[in-house]
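# Tertiary structure, described
Each chain, letter by letter, is given below.
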Amino acid sequence: MAYNITWYGRGGQGLVIAAQILAEASFVEGFKGVTSAPQFGPERRGAPLTASTRIDSKKIRTVSQIVEPDFAIFLDTSLLTVFNAKKIFKKGTTLLINSSRNPKDFAELKAYKVAVCDANNIAKNVNLVKDGKLITNSPMLGAFAKVSGVISLNSLKKVLASRFKDAPYKTNLMALESAYEKTII
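Keep in mind the model is a prediction, meaning the values are calculated, not measured.

Now for the environment of glutamate 108. If you trace the backbone, glutamate 108 turns up in the loop between β5 (94-98) and β6 (113-117). For glutamate 108, a relative accessible area of 41% corresponds to the partly exposed category. For the pair glutamate 108 and lysine 86, spaced 22 residues apart in sequence, the C-alpha separation works out to 6.9 Å. Here glutamate 108 is in contact with Lys86 and Arg101, once residues within four sequence places are set aside.

And the structure:
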């Protein structure tokens, strides 16, 4: 089985790291083919950027950007307009949105499956902050595990444990688990 995931965020939100963590966790999960690739524009904090993660049960030979994702993850709701989410995805794509709104509130996105995770609030509650900015990547990884069923929370935890130590690990773990529990499908 193959899965194409695109990530939409702003510089400084941890988007590129999230795409890499998902790829690593997919490998831990047993997938044979995994890739992660960022796509940058002007490199500055707050600038819109995308990343992609490919996951496959067999080796991946495709190295191009993902055009029609199965899952699109938005770390910032303003990016729904920036990237014209109403038009760029194939029908049935699952959109995972960092929002406090209910999935039913996104009527303009009715062609897609919409799930939401209030990653901002989760990051705030566990103090997942860097340079005064909320970091929403770990909550969105937990939300992706719940929404997709592609990757287990345990595989994500293993990768977090290899990347972070002590307090940063505990903070990211709390965010991951909280998002898994609180994501609305």
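Strands sit in the order β2-β3-β1-β4-β5-β6 across an open sheet of six strands; the sheet is mixed. Edge strands, defined here as strands with exactly one partner in the open sheet, are β2 (33-39) and β6. Going across the sheet, the axis of each strand differs from the next one's by a mean of 15°, ignoring polarity. Bridging between strand β1 (residues 2-10) and strand β3 (residues 48-56) involves nine bridges; their strand directions are antiparallel. Bridging across to β3, threonine 6 finds its partner in serine 52.

This paragraph deals with the nonpolar core. In terms of nonpolar packing, the biggest core is built from 42 residues, with Ile5, Trp7 and Phe144 touching the most fellow members. In terms of residue count, helix α1 (residues 15-29) provides more of this core than any other element does, seven residues in total. Setting aside its immediate chain neighbours within four residues, phenylalanine 144 contacts Ile5, Leu22, Phe71, Ile73, Leu96, Gly149, Val150 and Ile151. Of all hydrophobic cores here, the second largest spans 14 residues; its members include Tyr8, Leu80, Phe89 and Leu95.

Definitions and limits used
Residues numbered from 1 in each chain as written. Predicted model: local features only at pLDDT ≥ 70, side-chain atom pairs only at ≥ 80, totals over all residues. Heavy atoms only, no water. Helix = DSSP H or I, 4+ residues; strand = E, 2+ residues; numbered from the N terminus. Buried < 20%, exposed > 50% of the residue type's maximum accessible area, 1.4 Å probe, protein only. Contact = heavy atoms within 4.5 Å. Pairing = 2+ DSSP bridges. Axes fitted to C-alpha atoms, helices over the stretch in contact; angles between N-to-C directions. Core = buried A, V, L, I, M, F, W, Y, C linked by side-chain atoms within 4.5 Å.

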